[in-house]
Amino acid sequence: MPTVKWTGGSELLQMETLSDAETGYLAADAVGLKIVFGAQKAAVANYYAEIEAVERKATDVLSVSGDPMAYGTVDPDYGKHVGYVAGVEYTLAAPSVWMSEDELTQSVCIGCVVTNIGGAEIASETYSGDGETRSVTFVYPECENGVEAVWRWEVLNKVAVTATDGGSVSSSGGWYAYGQGLAVTATPDDGCMFLQWVDRRTGAVLGTDPSLAIAVETPLDVSAVFMSESEIVFDPSVVDYTPIIRGLVVNAEEGAVITMQPGVYPLATPLVVDKAVTLQGAADGGTVLKGAYVRNSVENNVSQLSVSGGATLDHIAITGGSGASPLWNAPGIGVSISSGTLSWCAITNNVYDGVGNSYGVGVYVDIASNDMVTITHCRICDNRSNAVYNHSKGVGLYAAGAGTLLMDNCLVAGNRTEKGTAGSPDVAGGGLYLSLSDALIVNCTIVDNLHGNRGGGVAVYGDDEALYTPSLCNCIIAGNTADEDPCVYGPDVSATRLSDDGDVAPEIFNACSNNLVRAGLTPFGVNGIVADPCFEPGSYRIQPSSPAHNAGLKLPWMTWTVDLDGNPRFRRTIDIGCYECFEAPMGTMIYIR
């Protein structure tokens, strides 16, 4: 009985002789020999066996491989095969082209080389052109180590080149070998501008120059992005709209209006709007700037959106910003503004997670002398600070500086930080933190905000050098929570505070008028009201029975204003808060023209 020595291990195996009709795993040409080793029998095709037969020499081996990889189904298949006899002619075959399942990569068979393993070339073929199969024929030689056949393949990547509306491209793409250069040019139509090249498969920006030249290493779906010089149409394949919007801002004239159609526009990098242009969103509120994670490795975080230079954002939602300053300050995770206007915007669900200080997670305002910021008809809601050291100031809005802030008809609700720093008087303000001398907060509803330290609703802060006196008028401040001073916290130089049992510091709130605070608190300013605001269920709109109804102070500039629902604000009287209450008319109404 012959023995077998096999390179996969040192185990000695037995062979048995088969009849000519049977097929063995190592079937010799005449006698037929089969390795027999029980449960390991199926593994024999994966090993190279060197057979030392007592009766005759075992058959020779053919090794088949691919370069650079094994593509397609070849005959015989990739791997090691036995049963080849010296002096016999054999033919090997392969498909001319192999295509990946996603049809983005194809490999073209360009040749085959047959050699003695470690020795001379036996046969070779080079292929070009079309054809269903490739083949090579050779005579198996007398040899010690066997024969190797290597199929050679050229790998091609599919490149598609398209253009968005507003322009054209010089090439539609094709199949490119690895490393081959792609050169294409984008040309905008009249009234449009080229913005960037993007790979639509990955969202990666490939370039911002109209002429693109790159080496192709993977399949690409290249798109030239064009935009109207005054309008942005949402494209869900774009993963970062910052360079697109920034490009329009840079190229726009002062006073231009850039319209943004409805859509959720991702901002993967911080966006700067720093000139007197208007970003105009959809009137139904469907235009959303959605932030990505912003982190500064040195000190101060950068806001996901920075507004300056007299810019205006109108009917735009700003959400999803998050940041974690590793050291100190995190101003304006949602938006920071130093000069300009936020109009009919929703700044919601921005979050700070970090070890430093957070200032205005929703909105950060820092106004230089002679500059002005207007925040009108905005919703600043559900922003959150989880600062580890929790120097959280103004979770909803933080405002400071030597300029002027006007804030009207806004809802500030649900902003919160649950931690606090006891003994730090300036760590305050779940809703608003005001540290500037020239501010008017009018017809705003500031409700259900939380600060773990002081001033759940509003914090007004000054120090020995500067005593700030912002004006609050026609505001509802109710349902806010803090460890101290849940409604309004306003220390003067003597640290006098407004609280459940404290006195009002009139020099702080000297221009405040017609504000409503919840029952149990101390009124502040002229004509202050202490009562339940009587909101409608599930809403911050007041009911006709509310003490805020018809209790506001009319100011001359309110003649043509509207409330947060867009309803007319000016009648005979005006309500307190950001919403007007309209009672259903009774009886017959006669209109006289």
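Just so it is clear, the structure is predicted and the values come from calculations on it, not from any experiment.

Colleague: Would you mind going over the confidence of the model for the chain with me for this structure?
Modeller: This prediction gives the chain a mean pLDDT of 80; 76% of its residues lie at or above 70. Segment residues 1-58 is flagged for pLDDT under 50; beyond a separation of four residues in sequence, or across chains, it makes 80 contacts in the model. This model gives residues 492-511 a pLDDT under 50, and the stretch forms 55 contacts once residues within four places in sequence are excluded.

Colleague: It is not clear to me how the sheet that holds strand 18 (residues 211-215) should be interpreted in this structure. Could you clarify?
Modeller: Remark on secondary structure: sheet strands pair via backbone hydrogen bonds, oriented parallel or antiparallel. The sheet built from three strands is open, its strands ordered 13-15-18 with antiparallel pairing. Every other strand in the sheet has two partners, leaving strand 13 (167-169) and strand 18 as the edge strands with one partner each. On average, each strand axis in the sheet is tilted by 20° relative to the strand beside it, whichever way the strands run.

Colleague: Can you walk me through the nonpolar core in this structure?
Modeller: A general tendency of soluble globular proteins is for nonpolar side chains to be buried together. Of all hydrophobic cores here, the largest spans 60 residues; its most connected members are Ile375 and Leu434. Top element by residues in this core is strand 45 (residues 432-442). It accounts for five residues.

Colleague: Explain the pattern of salt bridges here, please?
Modeller: In a structure, side chains of opposite charge can pair up when their charged atoms sit close to one another. In total, this model carries four salt bridges according to the counting rule given. The residue Asp274 makes a salt bridge to Arg246 at a minimum N-O spacing of 2.8 Å. Of this pair, Asp274 sits in the loop between strand 23 (271-273) and strand 24 (278-280) while Arg246 sits in helix 1 (residues 242-251); the two residues are 28 residues apart in sequence, bridging distant segments of the chain. Notably, a salt bridge pairs Glu484 with Arg454, separated by 3.4 Å at the nearest N-O pair. Taken together, the residues Glu484 in strand 51 (residues 481-484) and Arg454 in strand 47 (residues 450-454) connect sequence positions 30 residues apart. Its relative accessible area of 31% is what places Glu484 among the partly exposed residues.

Colleague: I'm lost on the environment of Ala204 in this one. Help?
Modeller: Take Ala204: it is sitting in the loop between strand 16 (192-199) and strand 17 (205-207). As for Ala204 and Val239, which are separated by 35 residues in sequence, their C-alpha atoms are 7.7 Å apart. Not counting residues up to four positions away in its chain, the partners in contact with Ala204 are Trp197, Val198 and Asp199.

Colleague: Could you clarify how one ought to interpret the side chain of Thr445 in this entry?
Modeller: You can see Thr445 is positioned in strand 46 (residues 445-447). Not counting residues up to four positions away in its chain, the partners in contact with Thr445 are Cys410, Leu411, Val412, Ile476, Phe535, Tyr540, Gly577 and Cys578.

Colleague: Please explain the pairing of strand 22 (residues 263-267) as it appears in this structure.
Modeller: Regular strands place side chains that alternate from one sheet face to the opposite one. Because side chains alternate across strand 22, one face comprises the buried residues Gly263, Tyr265 and Leu267, and the other comprises Val264 and Pro266, none of which is buried. Bridge count between strand 22 and strand 25 (residues 287-291): five bridges; the pairing is parallel. Each residue of the ladder has a partner; that of Val264, found in strand 25, is Val288.

Colleague: I tried to follow unusual backbone geometry on my own but got confused; where do I start?
Modeller: The general pattern is negative phi for most residues beyond glycine and trans for most peptide bonds. Residues Asp67 and Pro68 are joined by a peptide bond in cis, for which omega reads 10°. Look at Asn349: it is not a glycine, yet its phi comes out positive at around 55°. Of the residues examined, Asn349 reaches a relative accessible area of 43% and is grouped as partly exposed. One non-glycine residue, Asn474, lies in the positive phi region at around 60°. In this fold, Asn474 is placed in the loop between strand 49 (471-473) and strand 50 (476-478).

Colleague: Hey, could you run me through the environment of Thr312 in this one?
Modeller: Tracing the backbone through its elements, the reader meets Thr312 in strand 28 (residues 311-314). Residue Thr312 is classed as buried on the basis of its relative accessible area of 19%. Separated by 30 residues in sequence, Thr312 and Leu342 place their C-alpha atoms 5.9 Å apart. With residues up to four places along the chain from it excluded, the contact list for Thr312 reads Val277, Thr278, Leu279 and Thr341.

Conventions and cut-offs
Residue numbers here run from 1 along each chain, matching the order of that chain's written sequence. Since the coordinates come from a predicted model, pLDDT governs what is reported: local features require at least 70, and pairs of side-chain atoms require 80 or more to be given and counted, while whole-chain, interface and lining totals use all residues. To get the side-chain values, all heavy atoms of the structure are used, and hydrogens and water are removed first. pLDDT is a per-residue confidence score from the predictor, ranging from 0 to 100. Whether two residues touch is decided by their heavy atoms; if any such pair falls within 4.5 Å, the residues are in contact. A pair of strands counts as paired when DSSP detects no fewer than two bridges linking them. Think of it this way: any DSSP run of H or I at least four residues long counts as a helix, any run of E at least two long counts as a strand, and we number them from the N terminus. Only C-alpha atoms enter the line fits that serve as axes; for helices the fit covers just the stretch in contact. Angles between N-to-C directions range over 0 to 180 degrees. Among buried residues, those of type Ala, Val, Leu, Ile, Met, Phe, Trp, Tyr and Cys that are joined through side-chain atoms within 4.5 Å constitute a nonpolar core. Each residue's exposure class comes from its accessible area (1.4 Å probe, protein chains only) as a fraction of the maximum for that residue type: buried when under 20%, exposed when over 50%, partly exposed otherwise. One speaks of a salt bridge when a side-chain nitrogen belonging to Lys or Arg is within 4 Å of a carboxyl oxygen belonging to Asp or Glu.

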